[in-house]
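One letter stands for each residue in the lines below.
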Amino acid sequence: MMYSHLLKQASANGAVALAAMLAASAGGAHTTRNGGGATTTTTSCQHEEGGKRKDVLGMLHDLDVREEWSQFDGDDEWVTVMMRGSHESLGNIEKTLGVTTTTTATKASSTTESRYHNDAIGKERTLPGIDVVLGSQWGDEGKGKLVDMLSQEYDVCARVAGGSNAGHTIVVEGKKYKFHLLPSGVLNEKATCIIGNGVVIHLPSFLNELDGLKQSGIDAEKRILLSDRAHLVFDFHQEVDGITEHRLGRNKIGTTKKGIGPAYASKISRNGIRIGDLENFDFFEMRFRELAENQMRSHPGLEIDVEGQLAYYRSIADRVCAMMTDTIEYTNEQYDMGKKILIEGANATMLDIDFGTYPYVTSSNPSIGSVLTGLGVSPKKINGIYGTTKAYCTRVGEGPFPTELERDAPGSIGEHLGVVGAEWGTTTGRARRVGWLDIPQMKYSTLINGFTAINLTKLDVLTGLPELKIGRAYKHNGKILNTMPSSLKTMSELEVIYETLPGWTEDISKARNFEDLPVNAQRYVLRVQELLGVPIRWIGCGPNRLDMIDRGEGWDLSSKASLNSSE
């Protein structure tokens, strides 16, 4: 199979990366089968030809990829599935570069919709649109860092789902900022920050977060807009959350006990209270008394200081109402004015109430749909959808985790990932469970959200490991699965088929270009990109704000830069 025509159509950077990716598939790959029947593909770092050793990027002129399916010993189903997956991945990569296997790319016609427009002097400017940063695993992927970086160029930043159960940590010049309700974009002093109607808000926590930020020298209160339609989380919601979790015993969900589930339950039961109700405090009081009575009746032993709570909300009503507005109208007006809007997703796709590992999920939809329902915008206004994933995988709380590693064993890979990656929850402080990167899970997340680019975080955490594994496929009862199972029983019986790649020992924290990475680190990134069929644009190389590689708009399917001309 000849891929040389791809290089002619790609940009210089795209050509190098694609060549390396294809070379990674071609050079030094061999397949072995262990005693249990599982297949492991090991890809070596270098390739020898004619007595000369070539690294990944030195194989630009040797792109005749060898098909090695004959080594699978007659496992026809496995071969078919893997060949289909490779074909689909190549198709996505070709689309990213604006080419196909039979035709060359041409310039977009004047009738083609694009987020770019040429002004009078021929310079490109970005048309209005909404870009979205989402978590693609089980949360804690590092979304806030990308949002913080991107938000410097945006006029509006917004949260659209979840509540204070989310936790984003950003390190700026050695100082840590931890956000739970505020969008991470609040650090951009020019950005207006919206908390949309899909968010449930615990006002005491929100105001404490705002006051803490002010003590750090950032007074953001005049830049915060609260949706008048957002529902409130009360202290008794948090108590109910704890009571419910305790009653479940060993079948507990592992919630953050922040009252998120009970608050959404009040919303769906249609007895919840919204921020806008504070404008008419007599009405708010009536609704609060009814809700409190309902909760105490439903949960014997629950005690609510109704008068004390009412006094507190009366004292903060004016302050809260000053930040309140119709965010649906505001957001769409900003769009019409040509403003750039960035959405910061909370939690992650595998915690989605519909798409996640139910019932071990959150109570909202932290996938792409929440942008529409939690902010009140049309889907046609969305441009980039950026999936954030760690270079490995973590999860907090209970529930299935197919690629999980033992974290507590001294000297283990799990301990390395947990300690070096500082894997403790921002919100709860709980130790996160750790494991290898899970490609079937990521493909599922990509399918649901339609990611236009991937933000691969914490690649530096893998430094020092002699070998790296990638969960390549799921096998159940001897058959390869093509999707994520919905059944917890099936999930518990999965066999994960891994692919092994060599590690690296070089420090990558100072890398600012893809070529600065060690060859084996490059190879890992390119292999993940190839398996997903989605370009990896951002690569996290360290904990600090600037420890990131941005490969540019050519690695973003939403960007016109990915449609390279044939010239």
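Residues numbered from 1 in each chain as written. Predicted model: local features only at pLDDT ≥ 70, side-chain atom pairs only at ≥ 80, totals over all residues. Heavy atoms only, no water.

## Concerning the pattern of salt bridges
Move 1: By the definition in use, this model includes 21 salt bridges.
Move 2: Taking the shortest distance from any N to any O, the salt bridge between Glu423 and Arg432 comes out at 2.7 Å. Both residues of the pair, Glu423 and Arg432, count as buried.
Move 3: A salt bridge links Asp547 to Arg512, with the shortest nitrogen-to-oxygen separation between them at 3.0 Å. In this pair, Asp547 is assigned in the loop between β26 (536-540) and β27 (548-550) and Arg512 in the loop between β25 (495-502) and α15 (519-532), connecting sequence segments 35 residues apart.
Move 4: On the accessibility criterion, Asp547 (8% relative accessible area) is buried.
Move 5: Through salt bridges with shared partners, a single ionic network connects Asp140, Lys390, Glu423, Arg432 and Lys458. (Salt bridge = Lys/Arg side-chain N within 4 Å of Asp/Glu carboxyl O. Buried < 20%, exposed > 50% of the residue type's maximum accessible area, 1.4 Å probe, protein only. Helix = DSSP H or I, 4+ residues; strand = E, 2+ residues; numbered from the N terminus.)

## Thoughts on the nonpolar core
Move 1: Counting residues in each nonpolar core, the largest one holds 66 residues, and the members touching the most others are Ile343, Leu459, Leu462, Leu517, Tyr524 and Ile539.
Move 2: Take this core: its biggest share by element is seven residues, from α15.
Move 3: Here Leu517 is in contact with Leu459, Ile508, Ala511, Gln522, Ile539, Cys541 and Ile549, once residues within four sequence places are set aside.
Move 4: The next biggest cluster of nonpolar side chains, apart from the first, holds 56 residues, and it includes Val172, Leu203, Leu207 and Leu213. (Core = buried A, V, L, I, M, F, W, Y, C linked by side-chain atoms within 4.5 Å. Contact = heavy atoms within 4.5 Å.)

## What about the packing of helix α8 (residues 281-298) against helix α9 (residues 306-323)?
Move 1: Two elements in contact, α8 and α9, have axes separated by 11 Å at closest approach and are oriented at 150 degrees. Viewed along their axes, α8 and α9 adopt a mutual orientation that is roughly antiparallel. In terms of crossing hand, the pair formed by α8 and α9 is right-handed. Only Val306, Glu307, Gln309, Leu310, Tyr313, Arg314 and Ala317 of α9 make contact with α8, whose side of the interface consists of Phe281, Phe284, Glu285, Phe288, Arg289 and Ala292.
Move 2: Residue composition of the contact of α8 with α9, by class: eight nonpolar, one polar and four charged. (Axes fitted to C-alpha atoms, helices over the stretch in contact; angles between N-to-C directions. Parallel < 35°, antiparallel > 145°, perpendicular 65-115°, else oblique. Left-handed = near helix turned anticlockwise from the far one by under 90°. Nonpolar A, V, L, I, M, F, W, Y, C, P; charged D, E, K, R; others polar.)

## Topic: a nonpolar patch on the surface
Move 1: A cluster of nonpolar side chains, namely Val419, Val420 and Trp424, defines an oily patch on the protein surface of about 290 Å² accessible area.
Move 2: With respect to the secondary-structure elements, Trp424 resides in the loop between α12 (413-420) and β20 (433-435). (Patch = residues over 30% accessible without salt bridge, like charges linked within 9 Å, V, L, I, M, F, W, Y side chains within 5 Å. Areas by Shrake-Rupley, 256 points an atom, 1.4 Å probe, with all protein chains shown as cover.)

## Here's the deal with the confidence of the model for the protein
Move 1: Considering every residue of the protein, the mean pLDDT works out to 80; 73% of them sit at 70 or more.
Move 2: Overall, residues 1-76 carries pLDDT values under 50, and its contacts beyond four positions in sequence, including any with other chains, amount to 148 contacts.
Move 3: A low-confidence stretch, residues 560-567 (pLDDT under 50), is modelled with 25 contacts involving residues beyond four sequence positions or located in other chains. (pLDDT = per-residue confidence, 0-100.)

## Quick notes on helix α5 (residues 203-215)
Move 1: When the terminal C-alpha atoms of α5 are compared, their 18 Å separation across 13 residues agrees well with the 18 Å that a helix rising 1.5 Å per residue should span.
Move 2: Those residues of α5 not exposed but buried are Leu203, Pro204, Phe206, Leu207, Glu209, Leu210 and Leu213.
Move 3: Downstream of α5 by one or two residues, Gly217 has phi in the positive range, about 100 degrees. (Expected span 1.5 Å × (residues − 1).)

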